[in-house]
Amino acid sequence: MKKLFFTLLFLTNSLLASDELNIDNLFKKQIGLRSITSFSLLSTGNANTYSLYPNISIGGDTTLWSDTKQLSLNQTFIYTLMPKFDILVSGSGSYARKEYKAFLSNNYTNENDFSFNSLWLGFIYTGKSIADFVPQITFQTAILQRESSAAEDKSFYLKSQSLQATLRGYSDPVVYSIYGGFGYNAKRKFKIGKIDYGHSMYVGGDLSIILSPKITLDLGAEQRFQTKQRINRNQTSNIRSIPTLSVGSTYSLNQDTAISVNANFGGSSAAPDAIFGLTLWKKF
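Everything in this summary refers to the structure shown in the same document. Just so you know, these numbers come straight off a predicted model, no measurement behind them.

## A word on the overall build of the chain
Alright, step 1. On a plain count of helices and strands, the chain comes out with three helices and 19 strands.
Alright, step 2. Among the 284 residues that make up the chain, the fraction classed as buried is 49%.
Alright, step 3. A separation threshold of at least 6 residues defines the contact pool for the chain, and within that pool the share at least 24 residues apart is 58%.
Alright, step 4. On the chain, roughly 13400 Å² of surface is accessible, and the fraction owed to carbon and sulfur atoms is 62%.

What follows is the structure in structure tokens.
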């Protein structure tokens, strides 16, 4: 999900500009306040719970769910402090319907959960172009996260951080990027004990094929690994592989507004089956 956020963020204005499309105007700095509003529907038939921002990651809920449908809303604001430096604030909430088999009754039952998920704060640093590439560093830290384990809901502060490096380039009519990153998770303390979710490492790439001045076809692939989970120092999972493929399209409504649709598909038993997203981009 995040890969489309920052790839298409710098595309929106350039696709609508009256100037000829080239490497200079494609990556020109977007000054001012920008808003990204994203709706996502996640579906999975495995036992995991997931967090979608800033990247797909497996949570530490100790309940073994049989099926989950999760509708998430994420709102991100990005503001330029200086030509090469932006700050970002992002908050998310979700509604999830989780199904499981009750041990005593042997019946399938479900749990519905409305929750505020997280609040993140970070920055984006954009370097000088190197040949036809533009480097970018994005760092974020979770100011607040609401999480559950064994029916206990709890708030955590400054427990997760994310660092991503991206190289973006352009070769008519394709805009492309390659990226890699690391996600850090500190241990969480619940009543049942300390849970170590594990850290994540990932690499990926995106392609946006410019079909017309207003429309792009967006493709992406990502490989993520999440290290072993432990509860009270007891290992509860091996290293998990979370590969995903994505396809979507972006349509520019005007010089300040664009809308995109996308679908992510999991490539392993640990990955969610599918995530369908709708994103609204707005520059003020």
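Structure's up, so let's keep going.
## Brief notes about the pattern of salt bridges
Alright, step 1. Overall, the coordinates contain three salt bridges when judged by the stated rule.
Alright, step 2. One salt bridge connects Asp-86 with Arg-34, and the closest N-O pair in it is separated by 3.3 Å. Of the two residues, Asp-86 sits in strand S5 (residues 85-101) while Arg-34 sits in strand S1 (residues 33-44), which places them 52 residues apart along the sequence.
Alright, step 3. Its relative accessible area of 0% is what places Asp-86 among the buried residues.
Alright, step 4. Linking Arg-188 and Glu-147 is a salt bridge whose minimum nitrogen-to-oxygen distance equals 3.0 Å. A residue pair is termed long-range when its members are at least 10 positions apart, and Arg-188 in strand S11 (residues 188-190) and Glu-147 in strand S7 (residues 133-149) qualify at 41 residues.
Alright, step 5. For Arg-188, a relative accessible area of 1% corresponds to the buried category.
Alright, step 6. The buried category is assigned to Glu-147, whose relative accessible area is 13%.

## What about unusual backbone geometry?
Alright, step 1. The omega angle of the peptide bond from Tyr-53 to Pro-54 is 0°, so this bond is cis rather than trans.
Alright, step 2. Summarising the element assignment, Pro-54 is placed in the loop between strand S2 (50-51) and strand S3 (57-58).
Alright, step 3. With an omega of 5°, the peptide bond running from Asp-172 to Pro-173 counts as cis.
Alright, step 4. In this fold, Pro-173 is placed in the loop between strand S9 (160-171) and strand S10 (174-185).
Alright, step 5. Phi at Leu-158 is positive, roughly 55°, even though this residue is not glycine.
Alright, step 6. Take Leu-158: it is sitting in the loop between strand S8 (152-156) and S9.
Alright, step 7. One non-glycine residue, Asn-232, lies in the positive phi region at around 50°.
Alright, step 8. If you trace the backbone, Asn-232 turns up in the loop between strand S15 (230-231) and strand S16 (234-235).
Alright, step 9. Overall, the relative accessible area of 39% leaves Asn-232 in the partly exposed class.

## Here we look at a positive patch on the surface
Alright, step 1. A cluster of basic residues, Lys-187, Lys-189, Lys-194, Lys-228, Arg-230 and Arg-233, forms a positive patch on the protein surface.
Alright, step 2. Relative to the helices and strands, Lys-189 is located in strand S11.
Alright, step 3. A relative accessible area of 54% places Lys-189 in the exposed class.

## Things to note about the side chain of Thr-37
Alright, step 1. Mapped onto the fold, Thr-37 is located in strand S1.
Alright, step 2. With relative accessibility at 15%, the residue Thr-37 sits in the buried group.
Alright, step 3. Within polar-contact distance, the side chain of Thr-37 engages the side chain of Gln-75 at 2.5 Å.
Alright, step 4. Thr-37 has contacts with Leu-73, Asn-74, Gln-75, Leu-278, Thr-279 and Leu-280, leaving out every residue within four places of it along the chain.

About the thresholds
- Residues numbered from 1 in each chain as written.
- Predicted model: local features only at pLDDT ≥ 70, side-chain atom pairs only at ≥ 80, totals over all residues.
- Heavy atoms only, no water.
- Helix = DSSP H or I, 4+ residues; strand = E, 2+ residues; numbered from the N terminus.
- Buried < 20%, exposed > 50% of the residue type's maximum accessible area, 1.4 Å probe, protein only.
- Contact = heavy atoms within 4.5 Å.
- Areas by Shrake-Rupley, 256 points an atom, 1.4 Å probe, with all protein chains shown as cover.
- Salt bridge = Lys/Arg side-chain N within 4 Å of Asp/Glu carboxyl O.
- Patch = residues over 30% accessible without salt bridge, like charges linked within 9 Å, V, L, I, M, F, W, Y side chains within 5 Å.
- Lys, Arg positive; Asp, Glu negative; His and termini not counted.
- Charge placed at Lys NZ, Arg CZ, Asp CG, Glu CD.
- Polar contact = N/O pair within 3.5 Å; in protein donor to acceptor, adjacent residues only side chain to side chain.

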